[in-house]
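Here's the letter readout for the chains.
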Amino acid sequence: MRRATHAHGAGESGLGKLIELHAVNSAGDVLITIALASTVFFSVPTDQARGRVALYLAVTMAPFVFLAPVIGPLLDRVPHGRRAAMASAMLARAVLALTMSGAVASGGLELYPAALGVLVASKAYGVVRSAVVPRLLPPRIALVKANSRVTLGGLLATGLAAPLGAGLHQLGPQWPLYGACVVFAFGTYLSFSLPPKVDSAKGEARARLTSPEHRSRRRGKRGRTRAPGLRTVGASVVHGLQANGALRMLSGFLTFFLAFLLRVHPLGGLGPAASLGVVAVAAGAGNALGTAMAALLRSRGPEKTIALVLSVTLGTTIVAAALFGAFLVVVVAAVAGISQALGKQSLDSLIQRDVPEEVRTSAFARSETLLQMCWVVGGAIGILLPLNGVVGMSVAAAFLALGAATAVRGLLTAARRGSPHPRVA
């Protein structure tokens, strides 16, 4: 594994250590997910579970919608402390996992504020990690491939940690949280093993999502213009964000909607747990396949790739709404996994190509925060809908169609015109 993560110069640049850190992060997250799912979801009947998950959304996800926009700007202010920021996110989750272990068996209200803290710390780590990758690029690896490697490392760690978490749960509902505490404590140590250049902010500035006209009105008193915004580098990044936002909404929606739907209406011949397992495996395999495809594809034409995956996902969801059935549920989960992975890697490539180097790191942080908010919104829609497969797939097709209407044409137009800026490695 060390030879694989450190190949092609990743060991010398420090990218290999970041891949290993992200694997540890993913393993800890899945252990906490197993503990929370067993308490909030699996341990009670469907009606009660729906109420508990609604409470979970209200207490954790809703505040996160307001906190998420703050994460990026706050982290922009500590560019010299990225290793400390990632270590703090790891340490916070280690402490919170230990805190939740006392309440996980009863499912008391004190569980939910701690879960909110875990969610915020996890997303803060994700934002910083996205900002760090460009600093650790080996000369022979493009950014899209580097992100693919990091993501694949996390997916492999998730696959290994999931059965471990299930085994720990057999000892008691608190044991996966004990395991997560140990994993995140190790992650705290690994965060400081990253190269010192991670904390360098040389040549960087903060990116903004404001238009050039609005930005010009916000010049300082001395006439100095603030850092360029994402819209100043062409429409590709903005339309790529719109398309990926729709795909991320679908991911959050399917996570919650199918979790409840399959408890009430499991796949043919299978029980609820087995049905959820099949769909989860399909989504995970699709995500891994999409990530592997992104690593193999050249970074040319990312606009066309994003437009294609969004269109294919929309078509698949429409077919699932019209001919709803067990097979199509699995297909939608797999296609959503592939599309999300390919779309995100292509968006990373667009940011690398079109965003000036001095604001590229900040642009990654802002885009990641926006996509995480879209996942929260999609999850909220999933929990509020009635448990009807046709209705659910129709709603999913509707917001995907909205994303396609706002993004696909602009992406294809931008692809025909070509990049407005020369590629900066």
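Residues numbered from 1 in each chain as written. Predicted model: local features only at pLDDT ≥ 70, side-chain atom pairs only at ≥ 80, totals over all residues. Heavy atoms only, no water.

A word on the packing of aromatic side chains
Definition in use: Centres within 6.5 Å make a pair out of two Phe, Tyr or Trp rings, where for Trp the six-membered ring is used; the pair is then stacked when the planes are under 30 degrees apart, edge-to-face when over 60, and tilted otherwise. Numbering of helices and strands runs from the N terminus, with a helix taken as a DSSP run of H or I at least four residues long and a strand as a DSSP run of E at least two residues long. Residue exposure (1.4 Å probe, protein chains only): buried if accessible area is under 20% of the type maximum, exposed if over 50%, otherwise partly exposed.
The full count for this structure, using the stated rule, is five aromatic pairs. Both rings, one in W175 and one in Y178, keep their centres 5.2 Å apart while their planes meet at 85°; by these two values the pair is edge-to-face. Here the residue W175 and the residue Y178 both occupy positions in helix 8 (residues 175–191), the gap between them amounting to three residues, near one helical turn. By relative accessible area, Y178 is classed as partly exposed at 31%.

A look at the side chain of T188
Where we set the bar: By the criterion applied in these results, polar contacts are pairs of N or O atoms within 3.5 Å in which, for protein atoms, one can donate a hydrogen and the other can accept it, and in which residues neighboring in sequence qualify only through two side-chain atoms.
Structurally, the position occupied by T188 is in helix 8. Within polar-contact distance, the side chain of T188 engages the backbone nitrogen of L91 at 3.3 Å.

Quick notes on the pattern of salt bridges
Formally: For this analysis, a salt bridge means a side-chain nitrogen from Lys or Arg found within 4 Å of a carboxyl oxygen belonging to Asp or Glu.
Counted by the stated rule, this structure contains two salt bridges. R93 is the partner of D29 in a salt bridge, and the nearest nitrogen-oxygen pair spans 3.0 Å. With a gap of 64 residues between them, D29 in helix 3 (residues 15–42) and R93 in helix 5 (residues 82–100) connect regions that are remote in the sequence.

Considering the nonpolar core
Selection rule: Each nonpolar core is a collection of buried residues, namely Ala, Val, Leu, Ile, Met, Phe, Trp, Tyr and Cys, held together in the definition by side-chain atoms within 4.5 Å. We call two residues contacting when some pair of their heavy atoms lies within 4.5 Å.
Judged by nonpolar contacts, the single largest core of 95 residues is most densely connected at I32 and M100. The greatest single-element share of this core, amounting to 14 residues, is contributed by helix 10 (residues 235–264). When neighbours within four sequence positions are excluded, M100 is seen to be in contact with I32, L36, L111, A114, A115, V118 and L177.

Considering the packing of helix 12 (residues 302–322) against helix 15 (residues 389–417)
The condition that has to hold: Whenever a helix is involved, its axis is fitted only over the stretch in contact; in every case the axis is a line through C-alpha atoms, and angles between N-to-C directions fall within 0 to 180 degrees. Geometric relationships in this document are graded by angle, where less than 35 degrees denotes roughly parallel, more than 145 denotes roughly antiparallel, 65 to 115 denotes roughly perpendicular, and other angles denote oblique. What makes a crossing left-handed is the near helix being turned counterclockwise from the far one by less than a right angle; a clockwise turn instead makes it right-handed. Only Asp, Glu, Lys and Arg are considered charged, only Ala, Val, Leu, Ile, Met, Phe, Trp, Tyr, Cys and Pro nonpolar, and every remaining residue, Gly among them, polar.
For the pair helix 12 and helix 15, interaxial distance at closest approach is 8 Å and the crossing angle is 160°. Taken together, helix 12 and helix 15 sit at an angle that is classed as roughly antiparallel. Taken as a pair, helix 12 and helix 15 cross one another with a handedness that is left-handed. Here the residues of the contact of helix 12 with helix 15 sort into 19 nonpolar, five polar and two charged.

Some thoughts on the packing of helix 10 against helix 12
Interhelical geometry of helix 10 versus helix 12 gives an angle of 30° and a closest axis separation of 10 Å. Taken together, the axes of helix 10 and helix 12 are roughly parallel relative to one another. Considering only the axes of helix 10 and helix 12, their crossing is left-handed. Contacts from S236, G240, A243, N244, A246, L247 and L250 of helix 10 reach helix 12 at E303, I306, V309, L310 and T313. Class assignment for the residues of the contact of helix 10 with helix 12 results in seven nonpolar, four polar and one charged.

Details of the environment of A37
Mapped onto the fold, A37 is located in helix 3. Distance from A37 to V104, taken between C-alpha atoms, is 10.0 Å for residues 67 residues apart in sequence.

Concerning the confidence of the model for the protein
Rule in force here: pLDDT expresses, on a scale from 0 to 100, how confident the predictor is about each individual residue.
On average, the protein scores 79 in pLDDT, and the residues at 70 or more come to 76%. Counted against residues more than four places away or in other chains, residues 209–225, with its pLDDT under 50, gives 18 contacts. Confidence drops under pLDDT 50 across residues 421–425; counting only partners more than four residues distant or on other chains, this segment forms 14 contacts.

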